[in-house]
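Listed here are the chains, written in short residue letters.
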Amino acid sequence: MTTTRFPIRLDPVRGEAFDSWIDAYAQRLLIPGRDLAAALGVPEKLVRLRGCNVAKGDPNLDPEQIARRACGIDPAAVRDLWSGLSRYDRLIAEHLARAASCPGAVGWFARVLRPMVSSRWCPSCLHENGGRWLAAWRLPWQLACPTHQTMLASHCPACGGTQRNAGLRAKYVPDLLTTCACPTAGPAGHLDRRCRHDLTIATTVARAPAALIALQAEMALILDTAVTDEHALKLIDRLVDLLIIATRVGLDLRAIDRDRRNMQKILTGPLAEAHAALSHPTGSAMRAIATNDPARHPGALPQAWDGVSPELAAILLQHRDRLLSPTKRLRYHSMTATARGLEGIDLTTRLKTLPLALWPDWSIRLRPPTIAPDTFRIAAAIALCLPGSTDALQTISDRWPGPRNRQRMVMFGRRVTADPHGTAILAALCGLADHLDTGGAPINYERRRALAGEIEILNRRAWRVICRADGVCAGLDRRHMHARLWLWETLTGGLPRQSPQTLRLRTPEFLRDHARFALALPATTARRLNEHARQLLDAHGCQREPIAWSPRFTDIDPDQLPGPDPDAIAPRAVHLAIAESRTARHAADKLGITIAHLHYIIRVHPSEIDALTLSTAAPRVRFAALLGADKLTQLIDHGTSLRQIEATYNINRRTLHDELVTHDIRVPPKNRRTRLRRNPRSTDCPTNPDQDPLAEEVSVHL
Ligand SMILES: [Zn+2]
Ligand SMILES: [Zn+2]
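What you see is a predicted model; the values in this text were computed from it and never measured.

Reading guide: rules and limits
Residues numbered from 1 in each chain as written. Chains lettered and ligands numbered in written order. Predicted model: local features only at pLDDT ≥ 70, side-chain atom pairs only at ≥ 80, totals over all residues. Buried ≥ 20, exposed ≤ 12 C-beta atoms within 10 Å, placed from the backbone. Helix = DSSP H or I, 4+ residues; strand = E, 2+ residues; numbered from the N terminus. Arc of directions from axis to C-beta. Contact = placed C-beta atoms within 7 Å. Core = buried A, V, L, I, M, F, W, Y, C linked by C-beta atoms within 7 Å. Axes fitted to C-alpha atoms, helices over the stretch in contact; angles between N-to-C directions. Parallel < 35°, antiparallel > 145°, perpendicular 65-115°, else oblique. Left-handed = near helix turned anticlockwise from the far one by under 90°. Nonpolar A, V, L, I, M, F, W, Y, C, P; charged D, E, K, R; others polar. pLDDT = per-residue confidence, 0-100. Expected span 1.5 Å × (residues − 1).

(A) Geometry of helix 23 (residues 460-470). All buried positions along helix 23 are accounted for by Ala462, Trp463, Ile466 and Cys467. The buried residues of helix 23 occupy an angular sector of 135 degrees when projected down its axis, which confines them to one face. Seen from the open side of helix 23, the exposed residues pointing more than 90 degrees away from its buried face are Arg460, Arg461, Arg468 and Ala469. Residues of helix 23 that are buried sit in contact with helix 24 (477-492) and helix 26 (523-539).

Shown next as structure tokens:
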């Protein structure tokens, strides 16, 4: 009999279970199911197992052989009898094994995901197809028939028994395809005593909720071998998501253990509600479920949500965004469309791509007016360590290469959150961090910081050479220090106040003067300083790096941001405003921009305008452009008379007096000139221009 080719064929029904097909075929051939299975070449071991195991098949099954012996039916249709369910079972086992590490609800899901020992049924389907049982009816969450829109039956209305638990029959022709197969009590013997209640008659037609039908329809392909493993896995992820949501709307998985007969009832309501909510991810139902969290300091993704798919994690985080602290919002990207769980970033790699202060153009775009520019740039740069990071704040703080201030960071978080553009600012920071992670930065800022700390960036001689080539005055040590600090800023992307103490004077006005120096730096000198920076970089292994850089990415709507587009203003307008204005504040006000914006434009487009050549410039402006507070102080200290200064710079006494008062310079006593005349080495008769600041100025500018 084992090599028999049967004269009758019975094609499998779409979605039919393997055990059902054998039984239906055996009934047609009028032989016991086990005999048929053995004759078709089904391994003996499998034949003896329970119906559920037969339905899942076995790797040793040969669909070609079975198809050949079963009167040449389609081998693919034979394989489909078990391969869909066995693949589902394997993928679920893998998913549960992956989720085993999370202590949340997923561990409990095996009982609502793994195929059941018994099978549910749709009375109408059984009636229409003459007793063919579908593999999907063994899935615990398969609660309704999408075709007939009714709930499936799980227990015989007459005896309360479950169906298809037993394996293939050994002695009897399987005639129980549409009737209850539960044994009934009676005298022992060879009689086949069964309940035999007609299962195709539904006692009460229970309409299934629409949301539940939608869920079953969505999962229709989960056992279909025509879809790829990847697609099946997506569906399983979705199913697990629905179950996790169901546990948040009243599903008690332990109740199923206590009352397995009522499993269908326990699952129906919560699963339907979960599907309705997840079908409108941005809707109010989903929002209520996602934010129903009694914690005073809510976590981004509390333990109850362990094991959700990345898609659901994104939905949850977006809903929970406003509950979270700015640190968590940054970590989880929760205000963006790419909200996600923490994958953990390599802080060392991220730090290489970060300067000590946020790039000035990004600071102009992102800074809320309530935070000072320098504070914002420093805090925002530190904040860029957060997106995607699992590192504790303390770790980030410890590893941050510059000075940090915890209070300042807290204030940054509060004020950004309070700003009407706060969400857009945080989203932009997340976008910048992503941009750095995917594209990297062409500058290794860590190496730059180390380099700038190890070498002499600009020695006195190099500075003199630069100035001589440009025909400008090298000035005193102070000017050299400013130039060196300007180069340090260029190389490291840091702020002057973050530079090593050796590059600064310990006077309160030094940084203020440095800002003036930077604004007044002629284009030719800036160009030569940049050339000097290029040579330094080339000589120290940074040939491939640009001198300066700033991330460019366009996935951000500039209208959402608090600041203007830094490059929207014409550089020429900025140059003119600076040349014509008494102070940087006046120039910025005239243009309606910030001083930080002014500095940015001057860095990117150094001014070609010489303040002295500007016919419209007021005498005091021209005077201020030539003579800073330092030099004016030095001239007075060297004994230069006010009259001499007036004559040299073509200004009147009143302007000079105003300038002295502005800079808090003591007006020299009237009799000083007479006293100083006795000293022939004084500035009245300068012989060495290097020792005489006024002579230097005059020789260069006049
Ligand atoms: Zn049906
Ligand atoms: Zn029964």
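From this point, the discussion proceeds with the structure in view.
(B) The arrangement of the nonpolar core in detail. The biggest cluster of nonpolar side chains holds 95 residues, and the ones touching the most others in it are Leu152, Leu242, Leu271 and Leu316. Examining the composition of this core, we find that 9 residues originate from one element, helix 12 (residues 263-278), more than from any other. Once you skip the residues sitting within four places of it in the chain, Leu152 turns out to touch Arg120, Trp121, Cys122, Trp137, Gln142, Leu143, Ala144 and Cys145. Counting 38 residues, the second-largest nonpolar core is a separate cluster that includes Leu354, Met409, Ile443 and Leu495.

(C) Structural context of the environment of Pro270. Counting through the fold element by element, Pro270 comes out in helix 12. Separated by 20 residues in sequence, Pro270 and Gly250 have C-alpha atoms that sit 6.1 Å apart. Residue contacts for Pro270: discarding those within four places in its chain leaves Ala246, Val249, Gly250 and Leu251.

(D) The arrangement of the packing of helix 27 (residues 571-580) against helix 28 (residues 584-591) in detail. One way to put it is that helix 27 packs onto helix 28 with a least axis distance of 8 Å and a crossing angle of 135 degrees. Put simply, helix 27 runs oblique to helix 28. Considering only the axes of helix 27 and helix 28, their crossing is right-handed. In this structure, helix 27 contributes Ala573, Val574, Ala577 and Ile578 to the contact, and helix 28 contributes Ala587, Lys590 and Leu591. A class-by-class count of the residues in the contact of helix 27 with helix 28 yields 6 nonpolar, no polar and 1 charged.

(E) Structural detail: the confidence of the model for the protein chain. Looking at the protein chain, pLDDT values average 85 and 89% of them are 70 or higher. Counting contacts from residues 673-702, a segment whose pLDDT is below 50, to residues more than four positions away or on other chains yields 36 contacts.

(F) Spatial organisation of helix 21 (residues 422-439). Relative to the 26 Å expected for 18 residues at 1.5 Å per residue, helix 21 spans 25 Å between its end C-alpha atoms, a close match to the ideal helical length. Within helix 21 the residues assigned to the buried category are Ala424, Ile425, Leu426, Ala427, Ala428, Leu429, Cys430, Leu432, Ala433 and Leu436. Packed against the buried residues of helix 21 are helix 15 (326-332), helix 16 (347-352), helix 17 (360-366), helix 18 (373-383) and helix 20 (406-418). Positioned one or two residues after helix 21, Gly440 has a phi angle of 70 degrees, which is positive.

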